[in-house]
Amino acid sequence: MTRYIARRLVLMVPVLLGVTLILFVLIRLRGDPVAAFVTPEMSAAEVEAVRVAYGFDRPLPEQYATMMARLLQGDFGRSIRYRTPAIDLILERLPATAQLAATALALAVLISLPLGLLSALYPNSLIDLVATTLSTLGRAMPNYWVGIMFILLFGVQWRWFPVSGRDDATSLVMPALTLSFGIATTLTRLLRSSMLEVVRMEYMVVARAKGLREWTVILRHGLRNALIPVLTVFGLQMAWLLGGAVIIEQVFAWPGMGRIMIQAVQGKDMAVVQAGVFIFALIVMFSNLAVDVLYAFIDPRIRYS
Amino acid sequence: MATTTVSLDKSLPRPRRRLPTWVYRLRRSPVGLIGAVIVTVVVVIAILAPTIAPLDPTKLNLGKRLLPPIWITGSDPTFLLGTDQLGRDMLSRLLWGSRISAVVGVAAVALSALIGVTLGLVSGFFGGWVDILISRALDSFMAIPFIVLALAVVSVLGGSLVNIIIVLGFTGWVSFARVVRGEVLTVRERDYVTAARSIGQRNRPILVRHILPNVIGSIIVLATLDVAVAIIAESSLSYLGLGVQPPTVTWGLMLADGRDHLATSWWLSTFPGLAISITVLGIIFLGDWLRDVLDPRLKK
Amino acid sequence: MRRLWPVFIVIALIVVACGGQPAPQPAAPPAASTSAPAAKPASPTEPPKAAPTEAPKAVAPAPTTAPAAPAPTQAAAKTTGGKKIVVGQAEIPTSLDPPTDWAIQATWVHMNLFDCLVWRNRDTNEWAPYLATSWQNINETTWRFKLREGVEFHNGEKFNADAVIWTYQRILDDPKMITYAQWTFIKEMKKISDYEVEFVTKTPEPAFLSKMAGTGCGIQAPIHGKQVGADVSTKPVGAGPYKLVSYTKGDRVILQANEKYWAGKPDIDTVEIRAIPEAATRVAALLSGQIDLTPAVPSQDWKRVQDNANLKLEKALTTQVMILFLRAGPSSKYTDWKGVTSNAKIRQAISLAIDRKALVDLVDGMGVPTTSRITPPTLGSDPKFYNQVGTYDPAKARALIKEAGYDGTPLRMHTANYLLKQSEVAQALQAMLQDVGLKVDMNIMDLTTFREKIYVPYKNEELYLETLGNSFFDPWIAVLSEQSDRRERSGWSGPQADEADKLIRAAAANMNPEDRKKQYIRIQELFNEDPVMVPLYQQYDMFGISKKLQWKPPLDGFLWFGNAKLTQ
């Protein structure tokens, strides 16, 4: 297991290199990179000085090497807006985003597990109808839209939960619920179809024949096997989940990485954009690794060497 | 191939022989049928928008702002679905909005498909270092959440119709490349490809004539579902203020612009929201059905 | 199933781990608990009063209503740290060091942390003592301030002449400070004694006091400032009514009453200012009682706020004027510009084609129509221009356009889309101009793109829409853009332009207010005779306020809580 994880970690290196390359190209896409640091009052000589100071006069490969060398030291440059190291701004916000994403994930599992299970066990029943409708709607509605509706309903109409900010556990409810909505619907759909296949498997019949109680059969034999394909998708969903978090944070004024990214994008604060993209990529890669490791716990047939 | 299809079909009860198979299949799947109908209607509306729109979608009527739809008191019969915050006709804007939304969706996906399919074909077919390079690029793109990458690119290019299409196109190609590469890897070793190669055909004809037709099913399915994703993504970018800018009309922009009026003039955002949801639902239904028909392997 | 538990445990751990440290909570600092009872008896008679002179008097009208009977245990949870209010703003400052962030929403926060030498009474536009108790204009270029004695900064440092000199010298020494250009009028500063300081200006400065009360005027604690250097942006120490408890970038600022404030401890113990970017969310937070005050309540939500038993609406004028700018010719940053607005008749026609009344209706009455950027109580503001819809004469506009031989070449118009209704106003203007026969190609952009492509490089074409404020309340800055060496955006020339240039320069150094006023009135006439800017309306702001909070927005709508009160 340790060796497997080590190998996966090594494999991350080229991917991270790719991410930095994407960032490098991105910054240069907008033309002269020095433009971001120039004000109209500056003279041509001053502009040249800035160019040299940032190393934009060097050949491209050299510039990339310099950028990599800096990144390795954790130096993503300074935010123009906040005048502090960009990476600090992002890392300060990491806990808030992680908390939101993790809670949404947990909620999604709590919602989709029973819903998917029951709708597979009782196909064409009322619960199946509800599950199918919800999961279809979840794919068809932009999540910020769902968020605004939640605010109007649960925040203003019924006043169950605070509508913005990050204070206590109650302020987490609405953003997490909104974010989990999209993921939960996908998971429900997957679990339902995967469970439908599993129910027909021989080992289920065998388990029942052994005289096990119905729910033991379903949970221990059925659900565990049904979860395997679901988990595969789970890993892919992490990127979606974090992308969704960016928008949800804007809706609910949740002080996470997404909000600072949006601010940075609106203010063309490229250092922060870079650092943000990089950290997002890291999180996605590590959570994919975590999902793969979790496989082993759920499916005894999978053993990593 | 053709013979097997015929023999298969013979074993099934067929009410009308002359109809193409896909029509027959569509009739058996109500969900697919609904999807096809919705998508057709949206496409027809998008094409005919200039003719069927009752009013000019950009014409302001400052004296008639925020009028409700006709079934609510205080409405004006000229404006069937009411007016927006500038007194523009909601119905006409919805009809015209379908145009740009459709263009954004289709053009972005066409671009992703073009990039993704080309890279996927090349990667799967040639293998070797090309494959390694493209695969690593794939992994890198997959590691960055779609909306985050889109945001980063918009921050560089700025928001306009063309840029939004480019952004969505350049960020959405990954799924195509992944699927196509996988397909090519399995198809590559089939007999007919080996045969083609052994009689001395060059790479490009093999790719175009023998391999592409085999993966086209998956591409169509993916493309259909991706149009839905692109439409939602466009509206999300609009919500963040980074999408298409007015006076261009898209559903996403209408929805985003109307969001502050949701509690008071609900029709401003509800209609475009419904339009998006219904269209996306239609596309999803159609896509799911296409997947069942064209490519059962993609099911998971 | 047992093997599944790790999944949940891991997720649960993450949730708990992250939840363990929520945003810095305003845990009651030791002092707060004792201050709460002490504040009560003082509150009935507490309009900020200072020892010798009358301090910021009538800063905002003193509470007119008697403090309501304390609501029974309502919002008990909120009162743990004494009286607390939460303010929702679209953005919070990017820096708490005044010279490095001059956005309006930043200035609001800075004002509560830092006091300046002079205070501008926002209702009468008169000057009041603040950290300076008196001043004297010794000669045209020399001003001497007597400083308030016994004032302490939040960290206990003494306020004196050194603090004043250090604060402004720091800006003058660093051209990177965003407010640098605003302070270069100072030639030198002299310490006369510990509590006396003299300012020498480069030229006669009629706007001297305005500038001394302008953006970034807050006096900072010098010893602390030298110690922390640039970190002062997160660790500000001033002598204002509130001191900093915590600052989370892009999220919230928490302030606590300064018990030793020279004008008396403010009634409200804790002020929390939160960033809530979405207007809909902000209003929802207000309606649900999560926040007590927010500016910029959109018109469609007024009724909902008004119908809420706990809330009230307050309308306040801002200094912002929405202006349609025209380009009359090329300029040094855009030498090859050509366009139809170089014809003065077309520019005339544009100004005649605009229906200000319709625009004010469009913004739901949240504007005062004006044909000048100079608004009351600023010197030079005149009923001839202010609160006037101007001449709206589409027939004459059409005639002028015909006379000018307009060939249908489209006018290029740019605008950012960031203010409430800015894009709507732009689209309405486009419709009005097209109505008189001018073709307008409009380009609505996001704010940064507009800044980068149009505003900062001076690449504006025929038309652009922008709103400009004047937090100095002095006319000099409102006309500065048309001084002959600063016409980068207008490319203005001709007899009116020449006369205006002379007057702009003369008025900026004219120490006789009456005479100076006449000059500014003439300048405004010239602006309207040959328009390069068409002022449309002065904007209102609409505040949604909890009824428990006794605070009225002052004339400029600034959020200063030095004399706000909270009934519980």
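Residues numbered from 1 in each chain as written. Chains lettered and ligands numbered in written order. Predicted model: local features only at pLDDT ≥ 70, side-chain atom pairs only at ≥ 80, totals over all residues. Heavy atoms only, no water.

**Quick notes on the overall build of chain C**
Line of reasoning, step 1. Of the regular secondary structure elements, chain C holds 17 helices and 19 strands.
Line of reasoning, step 2. When the 568 residues of chain C are sorted by exposure, 60% land in the buried category.
Line of reasoning, step 3. With the model as given, the accessible surface of chain C reaches about 22,000 Å², and the carbon-plus-sulfur share is 55%. (Helix = DSSP H or I, 4+ residues; strand = E, 2+ residues; numbered from the N terminus. Buried < 20%, exposed > 50% of the residue type's maximum accessible area, 1.4 Å probe, protein only. Areas by Shrake-Rupley, 256 points an atom, 1.4 Å probe, with all protein chains shown as cover.)

**What about the sheet that holds strand 7 (residues 196-201) of chain C?**
Residues and elements named next belong to chain C.
Line of reasoning, step 1. What the 4 strands build is an open sheet, ordered 4-5-7-6; its pairing is antiparallel. For this open sheet the edge positions go to strand 4 (132-139) and strand 6 (186-193), each flanked by a neighbour on one side alone. Each strand axis lies, on average, 20° off the axis of its neighbour in the sheet, ignoring direction.
Line of reasoning, step 2. Inspection of the sheet shows strand 6 paired to strand 7 by 6 bridges, in the antiparallel sense. The residue bridging Ile186 from the neighbouring strand is Thr201, located in strand 7.
Line of reasoning, step 3. Across the face of the sheet, helix 4 (residues 161-172) comes into contact with strand 5 (142-147), strand 6 and strand 7 while running at roughly 165° to strand 6. (Pairing = 2+ DSSP bridges. Axes fitted to C-alpha atoms, helices over the stretch in contact; angles between N-to-C directions. Contact = heavy atoms within 4.5 Å.)

**Quick word on the interface of chain B and chain A**
Line of reasoning, step 1. At the junction of the two partners, chain B supplies 42 residues and chain A supplies 39 residues.
Line of reasoning, step 2. In total, about 3,600 Å² of surface goes out of reach between chain B and chain A, with carbon and sulfur atoms giving 80% of it.
Line of reasoning, step 3. Contact with chain A buries surface across chain B, with Ser155, Val156 and Tyr239 of chain B losing the most and accounting together for 16% of the total.
Line of reasoning, step 4. Scanning the region where chain B abuts chain A turns up 0 salt bridges.
Line of reasoning, step 5. In this structure, the connection of chain B to chain A is made through 3 residue pairs in polar contact (both at pLDDT 80 or more). (Buried area = accessible area lost by both parts, 1.4 Å probe. Salt bridge = Lys/Arg side-chain N within 4 Å of Asp/Glu carboxyl O. Polar contact = N/O pair within 3.5 Å; in protein donor to acceptor, adjacent residues only side chain to side chain.)

**So, empty space enclosed by the protein**
Line of reasoning, step 1. Scanning the model with the defined rule gives 10 cavities of 30 Å³ or more in all.
Line of reasoning, step 2. A volume near 80 Å³ is recorded for the second largest cavity.
Line of reasoning, step 3. Lining the second largest cavity are Ile148, Ile151 and Leu152 of chain A, Arg259, Asp260, Leu262 and Ala263 of chain B together with Ala280, Val283, Ala284, Asp301 and Arg304 of chain C.
Line of reasoning, step 4. For the lining of the second largest cavity, the elements supplying multiple residues, two or more each, are helix 6 (143-157) of chain A together with helix 8 (279-287) of chain C.
Line of reasoning, step 5. Here the residues of the lining of the second largest cavity are counted per class, giving 8 nonpolar, no polar and 4 charged. (1 Å grid on protein atoms, 1.4 Å probe; cavity = no way out; pocket = protein on both sides within 12 Å on 5 of 7 lines; lining within 4 Å. Points joined across faces, edges and corners; volume = space filled by probe spheres on them. Nonpolar A, V, L, I, M, F, W, Y, C, P; charged D, E, K, R; others polar.)

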